[in-house]
Amino acid sequence: MLSVTIVKADGLKGHVYDQKTGEPLVGVTVILEQTKLVALTGLDGSFEFKKVTPGKFTLVISHLTYKTLSQSVTVVEKDNPHITIYLSERNSKGLSEVVVSATTKASSEKTARKLEQKSQQVMNVVSGAAIEVSPDLTVANVIQRVSGVSIERSSNGDGQYAILRGMDKRYNYTLINGVKIPSPDNKYRYVPLDIFPSELLDRLEVYKSLTPNMEADAVGGAVNMVMKDAPNQLSLNANVATGYSQMLLDKGYTRFDAGGINSKSPYEIHGKDYNATPADFATGTLNYKAKNFAPNIVAGLSVGQRFFHNKLGVIVAGSFQNNYRGTTSTFYDASNVGTEKYQKISNMRERQYSEQQQRSGIHAKIDYAINDNNKLSLYNAYMNLLSFQTRDGITTNVGNGFDPVNGNAQLTYQSRSRKTDQKIYTSTLHGEHKLVPGTLKLDWSAVISSALNEVPDNTTVDLYGVRTNFQDARTTVSKSTRRWERNTDNDIAGYLNLTYTAKIAGTKVDFSAGGLYRDKQRSSFFNNYKFLPTDLNATYGKDFSSYADIKWNIEKATGAVDNALTYDASEKTTAGYGMFKFKAADLEVTGGVRVEHTDQGYDMLFARGESRPAGHQVYTDLLPSLNLKYQLTSHQNLRGSYFRSLNRPGFFELVPGVIVNEDYTERGNPDLKRAIADNFDLRYELFPNHTDQLLFGVFYKKIQDPIENTIVSDAVRGQDQYYTPGNFGNARNYGLEIDYIKFFHKVGFKANYTYTNSSITTPKSYRYTDDKGNQTTGKVDQTRPLYGQSAHIANLSLLYKDTQHGWDAQLAGAYTGPRINVVSQFVDNDYWQKGFIQMDISVEKKFRNHFSIFAKAGNLLNTPTTIFIKGANKENQDVPGQNNANETLIRKDYYKQTYLLGVRYKL
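Residues numbered from 1 in each chain as written. Predicted model: local features only at pLDDT ≥ 70, side-chain atom pairs only at ≥ 80, totals over all residues. Heavy atoms only, no water.

Considering the confidence of the model for the protein
Right, so step 1: Summarising the model, the protein shows a mean pLDDT of 88, and 91% of its residues fall at 70 or more.
Right, so step 2: Low pLDDT, under 50, characterises residues 1–9; the predicted model gives this stretch 40 contacts beyond four residues in sequence or across chains. (pLDDT = per-residue confidence, 0-100. Contact = heavy atoms within 4.5 Å.)

What follows is the structure, encoded as structure tokens:
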């Protein structure tokens, strides 16, 4: 097709759109023949040639997935009509349903917006293209950019767990390519998202409503990682980068020798009757050394292609990240915790963390189309997060007042060296079969998954003493512990789905039925050895100069394997569903019911007088759902949904034994019940083109028997307090979400805001001492937000994209409002985390030879994690850091900035 347009001499401007959808096209090549001028369309599909001399020219407009178009233009001195060009796809098909295939750019922003628009349920999608140019290296950091999602940080400041719509991490589950994966956590079900390198994804999907063919244990929602798939032609993507942490530049890095660590304890190696000696334990965990140079290294590679006329697809992708981090922390302990409204600080702990994280992931997929009606695929993924952490700290006893001048503060020196190894493996064999094309189809999956968590030879050393002044110190050795922890979570699962399509009263209706069976087996092992020094009067600088010099005696030579964390657990889940889907005029309806039968049990291998050392919970749930989508126009939807879901107890949460942690004592609850939730959603959607969007939604959740952790007193021994899970009546959670994405020629922004309001009423204890020393105790009901829920969450990303010159840049900010960090047993004593802003930036420059350079920087504002109790005690005013008249500071962690510079090659 050849047309003629006349424009004026000072420039030529226009837009390129998709002929079928009317959406602006990004990255289209526009050549002004008879000149050397070339332009690429911007984020809004626009292009511009400046200072074109008068004359006749030919525009050639081309794109890989669209038909090339030529258009004649005449440039004159006057008039300036805007050039509008429409391109048709090479293989144009209807878009009533989005099917991502080898010919579709699965990681593109266009695909992400189409999936959101055409999906059956309420969902948000982050494209692989957006992930690649973002500052985020892990899935945990990527997901914080999604509306309604906040993250819980790990000890090094990076994101670790997702909180969806104010529902704690326990209320959502994680999928890889639509298949649930097990957790390496030794107590709970939730999966740490920092184990997954983000560059392995084609896109990240967050489901906020459920359909009957989805597993129902998601009150907040579900996170689905769609991994890279085989492209239609050879694709090669490689990158390597290096960087540094500002904290290590300022504070340095401390390491220990992990080479001699035994993965098994002496008890496991030699048997239960073996009496261990100090010679059975490696000394490397006691030998701390400074590392002068600790650069971060990130590398990734993916290769994929299709063969035999696109019948066979193969892709292999891998990622490796070796990062060094540092954290400066200050903790405060309150005397008689929870017994008074405003606590008096007894101890101040100053800690310095050094952590090396080696994150690696690899996945491979082979898919084969036997014919048009039968397809098979085999998918395998392996993720590993290996961490080496040292913690060095000083505890100052300030219970009798802090007086640095006279030096009356008692000191305790505490160090810890810890190696943690987390692994997740999953393998899925999947089949799709059109038994009767157009009428009956079947798909199935056979899945084997495993998760492992190992913490071998976790070593702590405590040194007690009194510092008479800040120049002279005498320190007495107190104790050391060596601990082995290991748990495995093995799943065998099968999925089956059958869909029959029929016409009823002229309307096509899909009837689906299917189910799943999963057998989960969990094993947890714990063994602890306690050491005392041979010479109780040994002093630092005289008898020893490092922990490795100290001579130890073992208090119990067989270790302490007889504890609550040595247990087995199992869970057998059987589910079936019936679902229907049809579209009548502009209304699309998806509904049905799901039934899930659960048999969850535990077995304490070393009971210590517990009345129920083994137990089972067996229950069946009927879970209906309905999703409505009304198409207002071709670019606008109105959605409404209802679904019932549940939340099962974590595995250790049912075990009635007691475990002693560093900062608190924990106990399970065999009477803990599952939570049941009724969830409602309403959302308006506007997709003016394939990049822009406006989403406005409201949600409401009513939760029966929500599960929360709190500190409670022992029913028999009132002086003993435990951190334990419980069911607390009913809770509600409602809110609204706004998503807005808008692109101009080279500049764009993505913004979202979520307001969440939740409430739960629980009994709380109080103990108050008046001025005369009289003490009053009792209980009262108190209403508070759900654990982990922030009232306000917001994201703003400023984007710059110059396709012609190869520039991409993003400045991303995320705000998370205040939220409860620890639920206290006592009135007005909950621990709160202050609201914080996370600011990150990334820049990339592409060159014509397939190479690009990129830079990323994280935590630009050095935002700390701050934990506090509302209200202050005047007696704390002399303690360093306790200078806020309205709060009692409990903890503050600083992480500082991180920097990364790298090169990428894409073919």
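Some details on the sheet that holds strand S5 (residues 46–50)
Right, so step 1: Reading across the sheet, the three strands line up as S5-S2-S8 and stay open at both edges, with mixed pairing between neighbours. Both edges of this open sheet fall to S5 and strand S8 (83–87), since each of them pairs with a single strand only. Put simply, the sheet's adjacent strands are angled 25° from each other on average, direction ignored.
Right, so step 2: Of the pairings in the sheet, the one linking strand S2 (residues 11–18) to S5 comprises five bridges and is antiparallel in character. Residue Leu12 lies in a different strand from S5, and its bridge partner there is Phe49. (Pairing = 2+ DSSP bridges. Helix = DSSP H or I, 4+ residues; strand = E, 2+ residues; numbered from the N terminus. Axes fitted to C-alpha atoms, helices over the stretch in contact; angles between N-to-C directions.)

Considerations on the environment of Ile143
Right, so step 1: Inspection of the secondary structure assignment puts Ile143 in helix H3 (residues 139–143).
Right, so step 2: The buried category is assigned to Ile143, whose relative accessible area is 0%.
Right, so step 3: Linking Ile143 and Ala238, residues 95 residues apart in sequence, is a C-alpha distance of 23 Å. (Buried < 20%, exposed > 50% of the residue type's maximum accessible area, 1.4 Å probe, protein only.)

What to know about the pattern of salt bridges
Pairs can form between side chains of opposite charge once their charged atoms are near each other.
Right, so step 1: Going through the model one piece at a time under the given rule, you end up with 54 salt bridges.
Right, so step 2: The shortest N-O distance in the salt bridge between Glu737 and Arg165 comes to 3.0 Å. Of this pair, Glu737 sits in strand S38 (residues 730–743) while Arg165 sits in the loop between strand S11 (159–164) and strand S12 (172–176), and the two are 572 residues apart along the sequence.
Right, so step 3: Notably, a salt bridge pairs Asp808 with Lys801, separated by 3.2 Å at the nearest N-O pair.
Right, so step 4: Each of the salt bridges in this network shares a partner with another, and the network as a whole consists of Lys180, Glu215, Asp217, Asp489, Asp491, Arg518, Lys520, Arg522, Arg594, Glu596 and Arg648. (Salt bridge = Lys/Arg side-chain N within 4 Å of Asp/Glu carboxyl O.)

Notes on empty space enclosed by the protein
Right, so step 1: In the structure shown here, the tally under the stated rule is eight cavities of 30 Å³ or more.
Right, so step 2: The computed volume of the largest cavity comes to approximately 390 Å³.
Right, so step 3: What lines the largest cavity is a set of 29 residues, among which Asn141, Asp158, Arg325, Gly858 and Thr898 lie closest to the centre.
Right, so step 4: Broken down by secondary-structure element, the contributors of at least two residues to the lining of the largest cavity are strand S10 (149–153), strand S20 (312–334), strand S45 (836–846), strand S46 (851–858) and strand S49 (898–906).
Right, so step 5: No other element matches the four residues that S20 contributes to the lining of the largest cavity.
Right, so step 6: A class-by-class count of the residues in the lining of the largest cavity yields seven nonpolar, 14 polar and eight charged.
Right, so step 7: A volume near 270 Å³ is recorded for the second largest cavity.
Right, so step 8: As for the second largest cavity, its lining consists of 23 residues, of which Tyr173, Lys180, Ile181, Arg189 and Asp217 are closest to the centre.
Right, so step 9: When contributions to the lining of the second largest cavity are tallied by element, the ones reaching two or more residues are S12, strand S25 (474–504), strand S26 (507–533) and strand S28 (567–584).
Right, so step 10: Ranked by residues supplied to the lining of the second largest cavity, first place goes to S12 with three residues. (1 Å grid on protein atoms, 1.4 Å probe; cavity = no way out; pocket = protein on both sides within 12 Å on 5 of 7 lines; lining within 4 Å. Points joined across faces, edges and corners; volume = space filled by probe spheres on them. Nonpolar A, V, L, I, M, F, W, Y, C, P; charged D, E, K, R; others polar.)

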